Amino acid sequence: MTSSMPAAEAVGGGRSARTRIGVGLIGFGWLGQAHSRSVARMPTLFADRVFDAELVICADTVPARIDEAVSDFGYAEAVADWRRVVEHPSVDVVFITAPNMLHLELIEAAAAAGKDIFCEKPVGGTPEQTRRAAALARDAGVITGVGYNYRWAPLVRYARQLIADGTLGEITNYRGRFFSMYGSDPLNPLSWRYLLDQAGHGVSTDLLSHSVDLAHMLLGPITRVVGTTHTFIPERPVIPGGTHYARGSADDPRAPVTNEDYAGMLCEFAGGARGTFEASRTIVGPESQMAFEVYGTKGALSWNLERLNELQVYLVEDALHTGYRTVFGGDRFPYHGSFVPGSANGIGFEDLVVIEDLEFLRSVAERRPHSPSFDDALAFVDVQAALLRSVESRSWEDV
Ligand SMILES: NC(=O)c1ccc[n+]([C@@H]2O[C@H](COP(=O)([O-])OP(=O)(O)OC[C@H]3O[C@@H](n4cnc5c(N)ncnc54)[C@H](O)[C@@H]3O)[C@@H](O)[C@H]2O)c1
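One structure accompanies this document, and this report is about it. (Residues numbered from 1 in each chain as written. Predicted model: local features only at pLDDT ≥ 70, side-chain atom pairs only at ≥ 80, totals over all residues. Heavy atoms only, no water.)

## Digging into the site of the ligand
Now for step 1: Neighbouring the ligand are 26 residues, the closest being L31, D60, R65, N100 and W192.
Now for step 2: A distance of 3.0 Å separates an oxygen atom of the ligand from a polar atom in the backbone of W30.
Now for step 3: L31 is positioned with one of its backbone polar atoms (N or O) 2.9 Å from an oxygen atom of the ligand.
Now for step 4: Burial of the ligand by the protein amounts to 88% of the accessible area it has alone, namely 840 Å².
Now for step 5: When residues of the shell around the ligand are traced back to their parent elements, those giving at least two are α1 (30-45) and α4 (100-112).
Now for step 6: Examining the composition of the shell around the ligand, we find that 3 residues originate from one element, α4, more than from any other.
Now for step 7: A per-class count over the shell around the ligand returns 12 nonpolar, 9 polar and 5 charged. (Near = heavy atom within 4 Å. Polar contact = N/O pair within 3.5 Å; in protein donor to acceptor, adjacent residues only side chain to side chain. Areas by Shrake-Rupley, 256 points an atom, 1.4 Å probe, with all protein chains shown as cover. Helix = DSSP H or I, 4+ residues; strand = E, 2+ residues; numbered from the N terminus. Nonpolar A, V, L, I, M, F, W, Y, C, P; charged D, E, K, R; others polar.)

Spelled out as structure tokens, the structure:
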């Protein structure tokens, strides 16, 4: 749907009239299923939404997933050829949840068909692909969204408020990390994530993108970086159809990992703060530490996905040396109460996907630019490109 076209047809009547949005989705794996569940759950969670989203058509190359999309998730149709999704007349929005190196081709086709596009992060597998995708969407005038779901965690948004209103004083230091164990087992099979031709870059694309995106939202742009990357597990078992969380055996044939397991960088922010970032998929210990720490002249805070419903806050005004206090998530923070009432009754990973889809589809229904958009994806890849240059030059690089 281009911005010059009327918003999708309104259903219902009077004050309760909602915009109908037809959803097509490409790639019915982990995140494809999460977004599909999210669309299906929305009516039960957000009675005040301004749209009604309909699961029209889904594409995947795995036959069992095609069947499941219709029988269990409620898609009207599911197919093997993704072109049918992009061309479908009842589809207003295309969700792209296929492996990274397919993103650009799918975006090009969806933009040419005038569909609004939600693409999972990082939007392509290389900085060059992200730049091309952003230009295509801009030229087509379609609304874009990116799956930087951690932006929507209610306590992350509260952290942003504490930084923006000056509660922490002048920000001096930032630490971002995404330490995941998903690839720590050398028998974890050689899925698309480990291959340059299917994923693009490794953790600098897969995990660091989330960390840097959150820093951009919380502190603003990064201007200079110096960094390093490494591949700790150079080959893995090859299992046809082996997924992200499967396990091979010592007898399986092996093939090389062709992108990086680790990325680390030191950086300077435009606002003057200094920061460090690390991302690893082979580290042992942290299960899924998508985490950040912010330090200012009047206080500090830290958040960790492993404890999604807790924010640690330190305020100098409390009286020095009394330590961090724990702020629990609860229905006094935006969105939380739609999932569960009260305080410290937690929400989860997929609830963040629901919130991001709600806000994206609201932007589509109201025909206004969305954030995070492909421009935010671009802001990340500019940092990533500087990191990759720094790895080559072994020196600081401007973003
Ligand atoms: N935001 C997040 O927290 C988050 C988490 C995980 C993955 N992701 C992103 O989501 C995307 C998908 O990752 P995933 O973990 O869901 O992968 P996945 O491997 O679980 O799913 C990918 C799906 O795409 C399908 N596919 C492959 N080629 C296809 C084609 N030509 N046409 C149609 N379908 C095709 C596969 O069969 C599979 O079902 C990636 O871009 C990834 O970076 C985001």
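## Details of the pairing of strand β13 (residues 274-280)
Now for step 1: Relative to β13, strand β8 (residues 171-180) runs parallel, the two being bridged by 7 bridges. Paired with F178 across the bridge in β13 is A279.
Now for step 2: Inspection of the sheet shows strand β12 (residues 262-269) paired to β13 by 7 bridges, in the antiparallel sense. Considered in β13, the bridge of Y262 is made with S280.
Now for step 3: Connecting β12 to the antiparallel partner β13 that follows it, the hairpin turn spans 4 residues, and G272 within it adopts a positive phi of roughly 105°. (Pairing = 2+ DSSP bridges.)

## Some thoughts on the environment of S249
Now for step 1: Mapped onto the elements of the fold, S249 is located in the loop between β10 (235-237) and β11 (254-256).
Now for step 2: Look at S249 and you get partly exposed, because its relative accessible area is 30%.
Now for step 3: S249 sits 62 residues away from L187 along the chain, and the two C-alpha atoms are 6.2 Å apart.
Now for step 4: Setting aside chain neighbours within four positions, we find S249 in contact with L187 and P237. (Buried < 20%, exposed > 50% of the residue type's maximum accessible area, 1.4 Å probe, protein only. Contact = heavy atoms within 4.5 Å.)

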